[in-house]
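Here are the chains, one letter per residue:
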Amino acid sequence: MHYIEDETGKIDIEEVEFLIGKILAFLSEDGDFSLHFISDEEMRKLNKEYRDIDDPTDILTFAINDGEEFPLLDGEEKELGDVFISTESMNRNASSLGVESGEELRRLLVHGILHLRGMDHKTNDFSTEPMLIEQERIMKELGFLSR
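Residues numbered from 1 in each chain as written. Predicted model: local features only at pLDDT ≥ 70, side-chain atom pairs only at ≥ 80, totals over all residues. Heavy atoms only, no water.

### What about helix H1 (residues 13–27)?
The criterion, for reference: Strands are runs of DSSP state E lasting at least two residues, helices are runs of H or I lasting at least four, and both sets are numbered from the N terminus onward. Expected helix span is computed as 1.5 Å times (number of residues minus one). In this scheme, a residue with accessible area under 20% of its type's maximum is buried, one over 50% is exposed, and one in between is partly exposed, where area comes from a 1.4 Å probe on protein chains only. Starting at the helix axis, one direction is taken to each C-beta atom, and the arc is that of these directions. In this description, contact between two residues means that some pair of their heavy atoms is separated by no more than 4.5 Å. For this analysis, a polar contact is any N or O atom pair within 3.5 Å, provided that within protein one partner can donate a hydrogen and the other can accept it, and provided that sequence-adjacent residues contribute only side-chain to side-chain pairs.
The first and last C-alpha atoms of H1 sit 21 Å apart over 15 residues, in line with the 21 Å expected at 1.5 Å per residue. For H1, the set of buried residues is Val16, Leu19, Ile20, Ile23, Leu24 and Leu27. Seen along its axis, H1 keeps its buried residues to an arc of 130°; they face one direction. For H1, the exposed residues lying more than 90 degrees away from the buried face are Glu14, Phe18 and Ala25. Taken together, the buried residues of H1 touch strand E1 (2–6), strand E2 (32–38), helix H4 (101–116) and helix H5 (130–141). Here H1 starts with a cap whose side-chain oxygen sits 3.2 Å from the backbone nitrogen of glutamate 14, and that cap is aspartate 12. Looking one or two residues past H1, serine 28 carries a phi angle of roughly 55°, positive in sign.

### Description of the pattern of salt bridges
As a reminder of what qualifies: In what follows, salt bridge is the name for a side-chain nitrogen of Lys or Arg lying within 4 Å of a carboxyl oxygen of Asp or Glu.
For the coordinates displayed, the defined rule picks out 10 salt bridges. In this structure, arginine 117 and glutamate 29 form a salt bridge, with 2.9 Å as the shortest nitrogen-oxygen distance. Taken together, the residues arginine 117 in the loop between H4 and H5 and glutamate 29 in the loop between H1 and E2 connect sequence positions 88 residues apart. Judged by relative accessible area, which is 11%, glutamate 29 ranks as buried. Overlapping salt bridges bring together Glu103, Glu104, Arg107 and Glu136 as one network.

### Describing the pairing of E2
Within a regular strand, side chains alternate between the sheet's two faces. Heads up, the rule is: We call a crossover right-handed when, viewed with both strands directed away from the observer, the connection leading from the first strand over the helix to the second proceeds clockwise. The criterion for strand pairing is that DSSP finds at least two bridges linking the strands in question.
The element E2 is largely enclosed, with a buried count of 7 among its 7 residues. Alternating residues of E2 divide into Asp32, Ser34, His36 and Ile38 and Phe33, Leu35 and Phe37, and every residue in both groups is buried. Running through H1, the crossover from E1 to the neighbouring parallel element E2 is left-handed. Where E2 meets strand E4 (residues 79–86), 7 bridges bridge the pair, whose relative direction is parallel. Bridge pairing in E4 places histidine 36 opposite phenylalanine 84.

### Here's the deal with the nonpolar core
In plain terms, the rule: Residue types Ala, Val, Leu, Ile, Met, Phe, Trp, Tyr and Cys, when buried and joined through side-chain atoms within 4.5 Å, form a set referred to as a nonpolar core.
In terms of nonpolar packing, the biggest core is built from 29 residues, with Val16, Phe33, Leu35, Ile85 and Leu109 touching the most fellow members. Elements with a contribution of two residues or more to this core: H1, E2, strand E3 (59–63), E4, H4 and H5. Discounting chain neighbours no more than four positions away, the residues touching leucine 35 are Tyr3, Ile4, Glu5, Val16, Ile20, Val83, Ile85 and Leu109. Counting residues in each nonpolar core, the second largest holds 5 residues, with Ile38, Met43, Leu46 and Leu60 among its members.

Here it is as structure tokens:
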């Protein structure tokens with residue numbers, strides 16, 4: 001079960017649910033998480049509160065276990081955490097990368113789920129960061145790239 005909230009009114013929730021299903025199936029992941037699409041202003045507030053950075057960012061992920069497993073009760077679904085995506089930053093990213101907004105949405109969904117699974121990166125260098133290399137491999141394998 002996934003909770004998806006779009007505060008911006010600009011996201012096709014059914015498409016996002018479909019994409020999440022594809023990503024989770026590909027990764028053989030069955031955990032539960034919430035996904036929130038928010039404005040740059042809301043993202044700036046979260047970034048300031050949790051990272052002490054007074055600027056918006058494209059995505060913030062709050063993993064519940066940061067890679068450690070918690071015991072589950074029978075029938076209980078594993079909780080992964082919360083993902084916040086700024087649609088304004090997502091669109092700026094798409095423009096600066098020269099890709100469609102849909103591709104950047106798919107990239108951020110993969111990115112957020114990898115963070116929820118405990119992966120992290122120090123820089124945004126797609127050629128050297130193992131997490132970002134894995135992200136792009138998944139994007140290619142799932143046919144998520146526009147070009």
